[in-house]
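Architecture at a glance
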Amino acid sequence: MRINDRVFGMLMLILAVVYGWEATKFPIPFGGHESVGPETFPIMLSIILGVSAIYLMVRPDEDEPWAPVAMLIELGVVVISMLAFAWAIEPIGFMPAAALVVSFLSWRMGASIAKSLITGVTSSVVIFFLFNNVLELALPLGLLEF
Amino acid sequence: MDTMSLLMQGFAVALTPESIMFAVIGAILGTLIGALPGLGPANGVAILIPLAFSLGLSPTSSLILLTSVYAGAMYGGRISSILLNIPGDEPAMMTCLDGYPMAVKGKAAEALAISAIASFIGSFIATIGLVILAPILAKFALKFGPSEYFALFALAFATLGGITGKNQFKTLMAAAIGLMIATVGIDISTGVQRFTYNTLELFEGIDFIIAIVGLFAISELLFFLERHAGDGLKQVAINKLKLSPKDIVKVLPASFRGAVLGFVAGVLPGAGASLGSFISYTLEKRTSDKGEFGKGDPRGVAAPEAGNNGAASGALVPMLTLGVPGSGTTAVLLAMLISLNISPGPMLFQQNADLVWGVIAAMFVGNLVLLLLNIPMVGIFVKLLSIPPKYLMPVVTLIASVGIYSVSHSALDLYFMVGFGVLGYIFRKVDIPLVPIILGMLLGPEMEKSLRHALVLSDGDWTVLFNSGLSIGLWTVAILGLVLPIIIGPIVRAKMKRSKDTVKDS
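Residues numbered from 1 in each chain as written. Chains lettered and ligands numbered in written order. Predicted model: local features only at pLDDT ≥ 70, side-chain atom pairs only at ≥ 80, totals over all residues.

Going by an unreviewed UniProt entry, chain B carries the name Tripartite tricarboxylate transporter permease and comes from Marinomonas algarum.

An unreviewed UniProt entry annotates chain A as Tripartite tricarboxylate transporter TctB family protein of Marinomonas algarum.

Below, the structure written as C-alpha cells:
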C-alpha cells in the first residue's frame, strides 16, 4: 500500500497553497514596498513544500503500517492524559497531577497497578522536592497548599 | 602560538571547580542517556536544555554541561550495543557487529573497556582536530557575505539527509515545514504579523525548545507504547575484566585510524557519525588481513567506536564556526546557543573567545572524566540499563514536561509540547525526518535575514545570490548533496545492511 504518502502529500499541498496565499495578503509594511518584503521568503517556502508534496503524491514510498484502531485509541487516551496533566498542574498541584499521569503511563506500558502507583508517587515526590528545594524552581503545590 | 595561549585560557575556565562539577554531572547524565535505548543523544540534550535554562546557569556552565552530555551520550551508546545488541543511537550500530559477539563469548567486560578506550582516543584526537581546524575555518568564514550565508544554509539543508538519506524530497519537505514554523510571529525587520491570527501567544513565534522536546521525547513515548516495548530486553551478563596492556596496544592502531576518519566524516557536511563509524569499520576490516571481524574481534569494536566519537567532536566544527550544524544533536546544541543569545558563527571566536575555548578545554576534561568513569564504574551503568522502560519512560516524560513548564510557568507551553509530540509521531509514521524540521526552525530567521540583506544590497537583483565564486561553490555542493544520495544512497545502504546481515548469519 502506498496511501500514507499520497494522503500526507495532499495535506501538505493544501498547507503549501494556504500558507502561500496567506503570505500574499500580508499588509504592506510601514515605509512602503521593498524589494524583499515579509512575504518573499514564505512564498519561496510554499513553492518548495508544494513541489515536494506533489512529488510525494506522484511517487509515494511504501507505507509503514499504522497501529490497529484499538492501539490508536489508546494512544489518543495517553495524549489526552498528558494534556489533562498540563491543565491540572496549577489548579490541582504538581505532585498529585504528576503522580496520576506517571502511574497511568507506566500502567499503560505494561507495569502492574501496584508498581505503577509506586513509580508515580515516588517520582513525583522526588522530582517535586528536587526542583523546589535543591534547584529552587517553584512548582505549584495546588491542593496541598495550606 | 596564538591558539595555544587561547587554549590555555580555556583551561583556566574549564578547570575551575564549578566547571569540573558540571563536566562530571554532564558526563554521568550523558552516559546514562546514551545507554538507555530509546533515549538518543538529541533527545537527552533536548530535555536538559530547558532545565539548564531555567536554572539560570551561565552560558559557559550550560555549554560545558551540555557538551559533556553530548560526549557522554556517544560513550553510552556503546553499552547497549554491546550488551543488548541494540544500538543506543544510530552511529553505535557498527559497534554491535563485533561488540555483541564478544559479549556472547563471555568477554563483555573487555569489549566495554576496549570501546571506552577507543572512544577516548576518538574524542581526544578529534578535539585536537577541532582546536586546529576551527580557528582556520572561522577566519575563512569571515569572508562570507549575506549571499554566501544564504547558500551555506541551503547547503546545510541539502546535505542533511546525508549520503544514506532515503528520500530527498522528504528531507526537503521537512526543511520547508521547519522554516515555515519559523516564520510564525512578528517579522523582525518590518514588524508585520505573520500567521499569528491575532493570537497574542504566537506574536513571539513558536519556541523551538518546546518543539524539540515534543518532536523527540513525546513521540518516542508514543512509539514505545505502540510497540509494547515496555519490558526491556534481556542483556548479556557481564564478566570480570581481564585486560592486559598487550590487548590495548593491539587495538591502538585501529582506534587512531578510526578517530581520524571519524573526525573528517564529522566535519564534512552530510556525512555524520553514522558514516564515520561505518567507514572506520569497513576500512579496518580491509586493512587487517587476518582477523575475526563480525565474530568478536576487538579491533572491530575499537574502530567504529573511535570513529563515531571522532565524528561527534568533528561535527562541532561547522556548528561552532559557521553556525550550521550537521546532525540532530549538534542542531540541539545550536538551539541551546541561540536561546542563550549567543550567535554561533565566525564572530563567536572573536566575541566570545573565553566561552569557546572554555568549552573546548572542557571537552578534554570531560573526556578524561568519561574514561575514568567508564572503566571502573561501567557496572553501575549496566544496572541502570536493566530498569525496564515501562518505569523509566513515564518518569523521563515527566522530567521533560517539568523542564518545559519551568521556563515560563505556562500550561500552554505544555499543550504545545504534546501537540508537537503527536505531530512527531505522524511525521515518523510517514518517514518525514525530524532533524530538518528542527534545523529549519533554528536557522529560519537567520536564513531569511541573509536573503534580505543580499537582495537589499543588490537592489532586488536575484543574481546576487550566485555572483561570487564562493557562493557558486557552495550552491554546487548543495546541489550535489541533494542529487548524489539518489545515486549513491542505495549502494551504501545495501552495503551497511549486508555487513549487518553477515553477522546475523554467522
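A look at the overall build of chain B
Worth spelling out the cut-off: Put simply, DSSP marks the helices as runs of H or I at least four residues long and the strands as runs of E at least two long, and each gets a number from the N terminus on. Throughout, the radius of gyration refers to the C-alpha atoms, and the reference size of a globule is 2.2 Å times the residue count to the power 0.38. Partly exposed residues are those whose C-beta has more than 12 but fewer than 20 other C-beta atoms within 10 Å; with 20 or more the residue is buried, with 12 or fewer it is exposed, and the C-beta atoms are placed from the backbone.
Along chain B, the regular secondary structure elements total 20 helices and two strands. A compact globule built from 506 residues would reach a C-alpha radius of gyration of about 23 Å, and chain B, at 22 Å, matches this within 12%. Each principal axis of the C-alpha atoms in chain B carries an extent, and together these give about 70 × 50 × 50 Å. Counting every position in chain B, which comprises 506 residues, the buried fraction comes to 61%.

Let's talk about the overall build of chain A
Cut-off, in case you're wondering: Throughout, a pair of residues is in contact if the C-beta atoms placed from their backbones lie within 7 Å.
A count of helices and strands for chain A gives five helices and zero strands. Relative to the compact-globule value of 15 Å for 146 residues, chain A shows a C-alpha radius of gyration of 24 Å, a clear excess of over 25%. In terms of its C-alpha atoms, chain A occupies a principal-axis envelope of roughly 60 × 50 × 25 Å. The buried share among the 146 residues of chain A stands at 34%. The long-range fraction of contacts in chain A, counting pairs at least 24 apart against all pairs at least 6 apart in sequence, stands at 58%.

Looking at unusual backbone geometry
With glycine set apart, most residues show a phi of negative sign, and most peptide bonds adopt trans. Residue and element names in this part refer to chain B. Phi is positive for N341, which is not a glycine, with a value near 65 degrees. Looking at the secondary structure, you find N341 in the loop between α13 (328-339) and α14 (348-351). Positive phi, close to 70 degrees, is recorded for D431, a residue that is not glycine. Along the polypeptide, D431 turns up in the loop between α18 (411-429) and α19 (435-457).

Focus: the UniProt feature "transmembrane region" (unreviewed entry) in chain A
Residue and element names in this part refer to chain A. Just so we agree on the cut-off: UniProt positions are given in the numbering used here, feature names are shortened, and annotations may be inferred rather than shown by experiment.
What UniProt calls "transmembrane region" (unreviewed entry) maps, in this numbering, to residues 40-58, 65-86, 92-110 and 117-135. As a span, residues 40-58 carries 100% helix and 0% strand, and end to end its C-alpha atoms are 28 Å apart. The span residues 92-110 shows a helical share of 79% and a strand share of 0%, and its end C-alpha atoms are spaced 27 Å apart.

Concerning the nonpolar core
Worth spelling out the cut-off: Nonpolar cores are identified as sets of buried Ala, Val, Leu, Ile, Met, Phe, Trp, Tyr and Cys residues joined via C-beta atoms within 7 Å. Reported domain spans reflect what an automatic or database domain assignment gives.
Counting 217 residues, the largest nonpolar core has B:I212, B:V213 and B:I438 as the members making the most contacts within it. Of all the elements, helix α5 (residues 93-141) of chain B adds the most residues to this core, at 25 residues. Inspection of this core shows a minimum of three residues originating in each of domain 1 (3-58) and domain 2 (69-144) of chain A. Residues contacting B:I212, with those up to four places away along its chain left out, are B:A46, B:V332, B:A335 and B:I438.

What to know about the domain arrangement of chain A
By the assigned domains, chain A splits into domain 1 (3-58) and domain 2 (69-144). Measuring from the centre of the C-alpha atoms in domain 1 of chain A to the corresponding centre in domain 2 of chain A gives 39 Å.

Structural notes on the interface of chain A and chain B
What counts is decided by this rule: All residues other than Ala, Val, Leu, Ile, Met, Phe, Trp, Tyr, Cys, Pro, Asp, Glu, Lys and Arg, Gly among them, are scored as polar; the first ten of these are nonpolar and the last four charged.
With 52 residues of chain A in contact, the opposing surface of chain B contributes 51 residues. Mapped onto the side of chain A that touches chain B, the elements with two or more residues apiece are α1 (3-24), α2 (40-58), α3 (69-88), α4 (94-108) and α5 (113-134) of chain A. With nine residues, the top contributor of residues to the side of chain A that touches chain B is α2(A). Tallied by class, residues from the side of chain A that touches chain B come to 38 nonpolar, seven polar and seven charged.

Looking at the confidence of the model for chain B
Caution is warranted with low-pLDDT regions, since their predicted coordinates should not be read in detail. Residues and elements named next belong to chain B. Quick note on the threshold: Confidence of the predictor in every single residue is expressed as pLDDT, which spans 0 to 100.
This prediction gives chain B a mean pLDDT of 81; 92% of its residues lie at or above 70. The secondary structure element of chain B with the lowest average pLDDT is helix α20 (residues 469-505), at 74, and the one with the highest is α18, at 91. The complex prediction reports pTM at 0.84, with the ipTM value standing at 0.90.

Comments concerning the packing of helix α1 (residues 2-14) of chain B against helix α15 (residues 353-374) of chain B
Residue and element names in this part refer to chain B. Spelled out, the test is: Structural elements are reduced to axes, namely lines fitted to C-alpha atoms, with helices fitted over the stretch in contact, and the angle between N-to-C directions of any two is expressed from 0 to 180 degrees. Note on terminology: angles under 35 degrees are roughly parallel, angles over 145 are roughly antiparallel, angles of 65 to 115 are roughly perpendicular, and the others are oblique.
In the contact formed by α1 and α15, the axes pass within 7 Å of each other and the chain directions differ by 70 degrees. Classified by the interaxial angle, the pair formed by α1 and α15 is roughly perpendicular. Within the contact between the two elements, α1 uses L6, L7, Q9, G10, F11, V13 and A14 and α15 uses A353, D354, W357, G358, I360, A361, A362 and V365. By residue class, the composition of the contact of α1 with α15 is 11 nonpolar, three polar and one charged.

A few points about the packing of helix α2 (residues 17-35) of chain B against helix α4 (residues 59-84) of chain B
Residue and element names in this part refer to chain B. Applicable threshold: Should the near helix be turned counterclockwise from the far one by less than a right angle, the crossing is left-handed, whereas a clockwise turn marks it as right-handed.
Two numbers describe how α2 lies on α4: the axes approach to 6 Å, and their chain directions differ by 35 degrees. In this structure, α2 meets α4 at a crossing whose hand is right-handed. When the residues that make up the contact of α2 with α4 are grouped by side-chain class, the tally is 18 nonpolar, 11 polar and one charged.

Overview of α5(A)
All names here are of chain A. Threshold: Working rule for helices: expected span equals 1.5 Å times residues minus one. Summarising the geometry, the arc corresponds to the directions from the helix axis toward the C-beta atoms.
An ideal rise of 1.5 Å per residue puts 32 Å on 22 residues; α5 measures up with 30 Å between its terminal C-alpha atoms. Of all the residues in α5, the buried ones are S116, T119, G120, S123, S124, I127, F128 and F131. Looking down the long axis of α5, one finds its buried residues gathered within 140 degrees of arc, a one-sided arrangement. With respect to the buried face of α5, the exposed residues turned more than 90 degrees away are A114, V126, N133 and V134.

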